[in-house]
Amino acid sequence: MPELPDLEAIRGFLNATILDIRIEAAETPQPLVIRMPTAKEFSSILEHNAFKGVERRGKYLLLSLQTQHILAVNPMLTGRLQYCDKGERRRAKTCFILSLGNARELRYYDDRLMGKIYLVPDGDLGLIPRFKEMGPEALSPEVSLELFQKRLRRHPGQIKNILVNDTFLAGIGNAYADEILFKAGIYPYKLRPRLSLSEVESLYLAIDTVLNEAIPIVAQRMGDKIDVKVRDFLKVHGKGGQPCPNCGAVISDIRANQRLTNFCRHCQR
C-alpha cells in the first residue's frame, strides 16, 4: 500500500510534470474502482481538461482540475498510478488511462481492484466516505507532543493498530508503522495504556524522523517510475529472518489478518 512517503514523492513528481497539460482522452477499461461518478461521466469530465495542482490527504492523492473538480485516488493495497509513454504495453488490470498532450499517459492499475477513485466537485470532498473522519496529518506541524498524547489516549488497543488507524493520524500504513515502532523501540503489540511517558515521547519523535527521512529517499529512487514500490532501504519491514541492523538478532515475521508485521524482539521488548 502506498503510504505517506510514497504519496509525497508521487505528489512532487506530478506537480513537476503534468500541470496544465491537456487531457486529450480518458478511457475506463476497468471501471469497478471508480466509485463516483459513473464511468461515462468520469471520462466526460476529464477529457479536454487539465490538472492545476496535486495535493495529498492521508492516503489519498488529490488532483485538482481546471474545471474545479478533484480526482481523489486512494490506491489501497495494490493500486498504482503510472506515468508512461503511450505506446507502453498496458497492464491487465489497468482501470483508467488519461492520454496527455505531451505524448504520455497517466494510468491507474490495480491487480486486485481494491482501490477507490472519486471525481467530485472541488469543495465536496465530504462526499467521499470517511474522508472527514481522518485525523490530522502525521507530519502536521500542528501536532504537538501535547496534542499527540491527547489523541493517543482515545485509543486503548495495540499500538501498531493505532498507528495505522487514520482517525488517529493520517498517512501511516503497515510498513512505516513497523519502521516507526522499531525507531522508538516499542513492541508492536503493546497495549497503549501500558506505554510509559518516555515511550510516548519516543514514538512522537520517531514518526517525524522516519517519515521525513523516507520521503527524499523514495522520491530519488522512484524517479518517473511512480508505480514502483521502494521499500529496500527500510530497516525491519519486509526483512523477516534477517539480522536486526541494531543488535544482530533475527527480525521476527508475523502474518495475521493479511498484515505483515516485522520487529526485533530484542530491541522492541
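Below: a short report on this structure. (Residues numbered from 1 in each chain as written. Predicted model: local features only at pLDDT ≥ 70, side-chain atom pairs only at ≥ 80, totals over all residues. Heavy atoms only, no water.)

Digging into the nonpolar core
Formed by 65 residues in total, the largest nonpolar core has its most connected members in Leu14 and Leu63. No other element matches helix α6 (residues 197-222), which puts ten residues into this core. Non-local contacts of leucine 63, meaning those with residues more than four positions away in its chain, are made with Leu14, Ile18, Phe51, Gly53, Val54, His69, Ile70, Leu71, Val73 and Leu106. One finds Ile70, Ala72, Leu125 and Ala170 within the second-largest nonpolar core, a separate group that totals eleven residues. (Core = buried A, V, L, I, M, F, W, Y, C linked by side-chain atoms within 4.5 Å. Buried < 20%, exposed > 50% of the residue type's maximum accessible area, 1.4 Å probe, protein only. Helix = DSSP H or I, 4+ residues; strand = E, 2+ residues; numbered from the N terminus. Contact = heavy atoms within 4.5 Å.)

Thoughts on unusual backbone geometry
Cis geometry marks the peptide bond from methionine 36 to proline 37; its omega dihedral reads 0 degrees. With respect to the helices, strands and loops of the structure, proline 37 is situated in the loop between β2 (34-36) and α2 (39-46). Unlike most non-glycine residues, glutamine 68 shows phi in positive territory, near 65 degrees. With a phi angle near 55 degrees, methionine 76 is a residue other than glycine that sits in the positive phi range. Looking at where methionine 76 falls in the secondary structure, it is placed in the loop between β5 (69-74) and β6 (79-85).

A few points about the sheet that holds strand β1 (residues 23-27)
Spatial strand order, β1-β7-β8-β6: four strands in an open sheet with antiparallel pairing. For this open sheet the edge positions go to β1 and β6, each flanked by a neighbour on one side alone. On average, adjacent strands in this sheet sit at an angle of 15 degrees to one another, irrespective of strand direction. In this sheet, strand β7 (residues 94-100) lies alongside β1 in antiparallel orientation, the contact comprising four bridges. Paired with alanine 25 across the bridge in β7 is serine 99. Here α2 sits on the sheet in contact with β1 and β7, set at roughly 170 degrees to β1. (Pairing = 2+ DSSP bridges. Axes fitted to C-alpha atoms, helices over the stretch in contact; angles between N-to-C directions.)

Focus: the sheet that holds strand β3 (residues 51-57)
Strand pairing in a sheet relies on backbone hydrogen bonds, with the paired strands running either antiparallel or parallel. Strand order in this open sheet of five strands is β2-β9-β5-β4-β3, and the pairing throughout is mixed. Looking at the sheet topology across the chains shown, the edges are occupied by β2 and β3. Recorded for the sheet is a direction-independent mean angle of 20 degrees between the axes of neighbouring strands. Summarising the sheet, β2 and strand β9 (residues 116-121) pair through two bridges and their orientation is parallel. The residue bridging methionine 36 from the neighbouring strand is tyrosine 118, located in β9. Helix α1 (residues 4-17) rests against β3 and β4 (60-65) of the sheet, and its axis sits at about 170 degrees to β3. Contacting β2, β4, β5 and β9, α2 crosses the sheet at an angle of about 60 degrees to β9.

Some details on α1
For α1, spanning 14 residues, the distance from its first C-alpha to its last is 20 Å, which sits close to the expected 20 Å at 1.5 Å a residue. As for α1, its buried residues are in contact with β3, β4, β6, β8 (104-110), α5 (174-184) and α6. (Expected span 1.5 Å × (residues − 1).)

Some thoughts on α5
With ten of eleven residues buried, α5 is to be regarded as a mostly interior element. Taken together, the buried positions of α5 are Asn174, Ala175, Tyr176, Ala177, Asp178, Glu179, Ile180, Leu181, Phe182 and Ala184. Looking at the buried positions of α5, the neighbouring elements they touch are α1, α4 (159-163), α6 and β11 (259-264).

Thoughts on the packing of α5 against α6
In the contact formed by α5 and α6, the axes pass within 8 Å of each other and the chain directions differ by 125 degrees. When the axis of α5 is compared with that of α6, the two are oblique. Handedness of the α5/α6 crossing: right-handed. In this structure, α5 contributes Tyr176, Glu179, Ile180, Leu181, Lys183 and Ala184 to the contact, and α6 contributes Ser202, Leu203, Ala206, Ile207, Thr209, Val210, Leu211, Ala214 and Val218. (Parallel < 35°, antiparallel > 145°, perpendicular 65-115°, else oblique. Left-handed = near helix turned anticlockwise from the far one by under 90°.)

The analysis is restricted to geometry; functional conclusions fall outside its scope.
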